[in-house]
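Each chain is listed here by its residues.
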Amino acid sequence: MAGRAAGKRVLVTGAARGMGRSHAVRLAEEGADLILVDLCESPPGLEYALSTKDDLDETARLVRAHGRRAVAAVADVRDAAAMRKAVADGVAELGGLDASVANAGVLTAGTWDTTTPEQWRLVLDVNLIGSWNTCVAAIPHLIERGGSLVNISSAAGIKGSPLTTPYTASKHGVVGMSQALANELAAQNIRVNTVHPTGVATGMAPASLHGLLAEKRPDLAPIYTNALPVPMVDARDVSNAVLFLVSDESRHVTGMEFKVDAGVTIR
């Protein structure tokens, strides 16, 4: 029986670990071939370490273990030229592109008076401009036959999540960008949707955010509490949404904000 993504060629950024790896493996399970892109180093200004080249190689191994092709590239989503080259090289090897998942993202935490301009630039450059660069690198390869752009936003892209203001602003920006592209690209049968997870256990959350909520602003902690009785969701839960939006099951779905948020945005 053919998989739900059988024959699809899909780009995934931030693919070396966490949700990006989960998306890649879930798509491979359902028959997709993958272009895997990751920075594979940690830029200054983050409290937590990002992935390594070994992590990216492991994602490629996991994809191939499902009998699918994987083209891995070290590239920075902030670098438009590097993204265009990584995607073009992958497309040349796989023979085309059917979908893109702009997953790469970073998170900083702080009160309004401790949040720095450098944090703003880093978070917006990776999360918003990086998503734009990913879309722009993918679109020329989708124009002829149509396809799907899936941009990973966040529950913070729907509500006003405090103490992570640059992140929250960037994820709201991803929604606006995606809806504008959904209108602009509909005539080419390119669908554009966003996915909005609640907290996911990926190692992304800065320890300072938990400290701020527990010690300095406990009054804000309920904003981060899910309605369903789970503290976080699994990466695979988010990947199942990505799979639906990549597959032909969603062929008439565009401009949607797909929440996998355990109800945190209705609180």
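Structural data are supplied above this passage.
Residues numbered from 1 in each chain as written. Predicted model: local features only at pLDDT ≥ 70, side-chain atom pairs only at ≥ 80, totals over all residues. Heavy atoms only, no water.

On to the packing of aromatic side chains. Enumeration over the complete set of coordinates arrives at 1 aromatic pair. Ring geometry for Phe-244 against Phe-258: centres 6.1 Å apart, planes inclined by 75 degrees, an arrangement best described as edge-to-face. Linking Phe-244 in helix 7 (residues 235-246) with Phe-258 in strand 7 (residues 257-260), this pair joins segments that are 14 residues apart in sequence. A relative accessible area of 22% means that Phe-244 is categorised as partly exposed. (Phe/Tyr/Trp six-rings, centres within 6.5 Å; stacked < 30°, edge-to-face > 60°. Helix = DSSP H or I, 4+ residues; strand = E, 2+ residues; numbered from the N terminus. Buried < 20%, exposed > 50% of the residue type's maximum accessible area, 1.4 Å probe, protein only.)

For the rest of this paragraph, the subject is the nonpolar core. Grouped together as the largest cluster of nonpolar side chains are 36 residues, with contacts concentrated most on Val-37, Leu-97, Val-106 and Leu-149. Breaking this core down by element, the ones donating at least two residues are strand 2 (33-38), strand 3 (70-74), helix 3 (80-94), helix 4 (117-142), helix 5 (165-185) and strand 6 (190-197). With 8 residues, helix 4 is the largest single contributor of residues to this core. The contacts of Val-37, once residues within four sequence positions are left out, are Leu-11, Val-12, Thr-13, Gly-14, Ala-15, Ala-73, Ala-75, Met-83 and Ala-86. One finds Ala-5, Ala-16, Ala-70 and Val-253 within the second-largest nonpolar core, a separate group that totals 34 residues. (Core = buried A, V, L, I, M, F, W, Y, C linked by side-chain atoms within 4.5 Å. Contact = heavy atoms within 4.5 Å.)

So, about the pairing of strand 1 (residues 9-13). Counting buried residues in strand 1 gives 5 out of 5 residues, a clear majority hidden from the surface. Alternating residues of strand 1 divide into Arg-9, Leu-11 and Thr-13 and Val-10 and Val-12, and every residue in both groups is buried. Each parallel crossover has a hand, and for strand 1 linked through helix 1 (residues 18-29) to strand 2 it is right-handed. Of the pairings in the sheet, the one linking strand 1 to strand 4 (residues 99-102) comprises 3 bridges and is parallel in character. Its bridge partner lying in strand 4, Leu-11 is registered against Ser-100. (Right-handed = clockwise from strand over helix to strand, strands pointing away. Pairing = 2+ DSSP bridges.)

So, about the sheet that holds strand 5 (residues 147-152). Taken in spatial order, the 7 strands make up an open sheet running 3-2-1-4-5-6-7, and their pairing is parallel. The open sheet is flanked by strand 3 and strand 7, the only strands paired with a single partner. With direction set aside, neighbouring strand axes in the sheet form an average angle of 15 degrees. In this structure, strand 5 lies alongside strand 6, joined through 6 bridges in parallel fashion. By the bridge assignment, Gly-147 is partnered in strand 6 with Ile-190. (Axes fitted to C-alpha atoms, helices over the stretch in contact; angles between N-to-C directions.)

Another point: the pattern of salt bridges. Per the stated rule, a full pass over the model turns up 15 salt bridges. Ionic pairing is found between Asp-33 and Arg-68, a salt bridge with its closest N-O pair at 3.1 Å. On the criterion of sequence distance, the pair formed by Asp-33 in strand 2 and Arg-68 in the loop between helix 2 (53-64) and strand 3 is long-range, its members being 35 residues apart. Each of Arg-26, Glu-29, Glu-30 and Arg-236 takes part in one network of salt bridges that share partners. (Salt bridge = Lys/Arg side-chain N within 4 Å of Asp/Glu carboxyl O.)

A few words on helix 3. Taking 1.5 Å of rise per residue, 15 residues should cover 21 Å, and helix 3 covers 21 Å from first to last C-alpha, within 8% of that figure. Looking only at helix 3, the buried set comprises Met-83, Ala-86, Val-87, Gly-90, Val-91 and Leu-94. Angular distribution of buried residues about the axis of helix 3 spans 130 degrees; they occupy a single face of the element. Across from the buried face of helix 3, at angles greater than 90 degrees, the exposed residues are Lys-85, Ala-92 and Glu-93. Against strand 1, strand 2, strand 3 and helix 4 lie the buried residues of helix 3. Backbone geometry just downstream of helix 3 places Gly-95 in the positive-phi region, at approximately 90 degrees. (Expected span 1.5 Å × (residues − 1). Arc of directions from axis to C-beta.)

Closest axis-to-axis distance for the helix 1/helix 2 pair is 9 Å, and the angle between their directions is 15 degrees. Judged by the angle between their axes, helix 1 and helix 2 are roughly parallel. Handedness of the helix 1/helix 2 crossing: right-handed. Packed against helix 1, whose contacting residues are Arg-21, Ala-24, Val-25 and Ala-28, the element helix 2 presents Asp-55, Glu-58, Thr-59, Leu-62 and Val-63 at the interface. Here the residues of the contact of helix 1 with helix 2 are counted per class, giving 5 nonpolar, 1 polar and 3 charged. (Parallel < 35°, antiparallel > 145°, perpendicular 65-115°, else oblique. Left-handed = near helix turned anticlockwise from the far one by under 90°. Nonpolar A, V, L, I, M, F, W, Y, C, P; charged D, E, K, R; others polar.)

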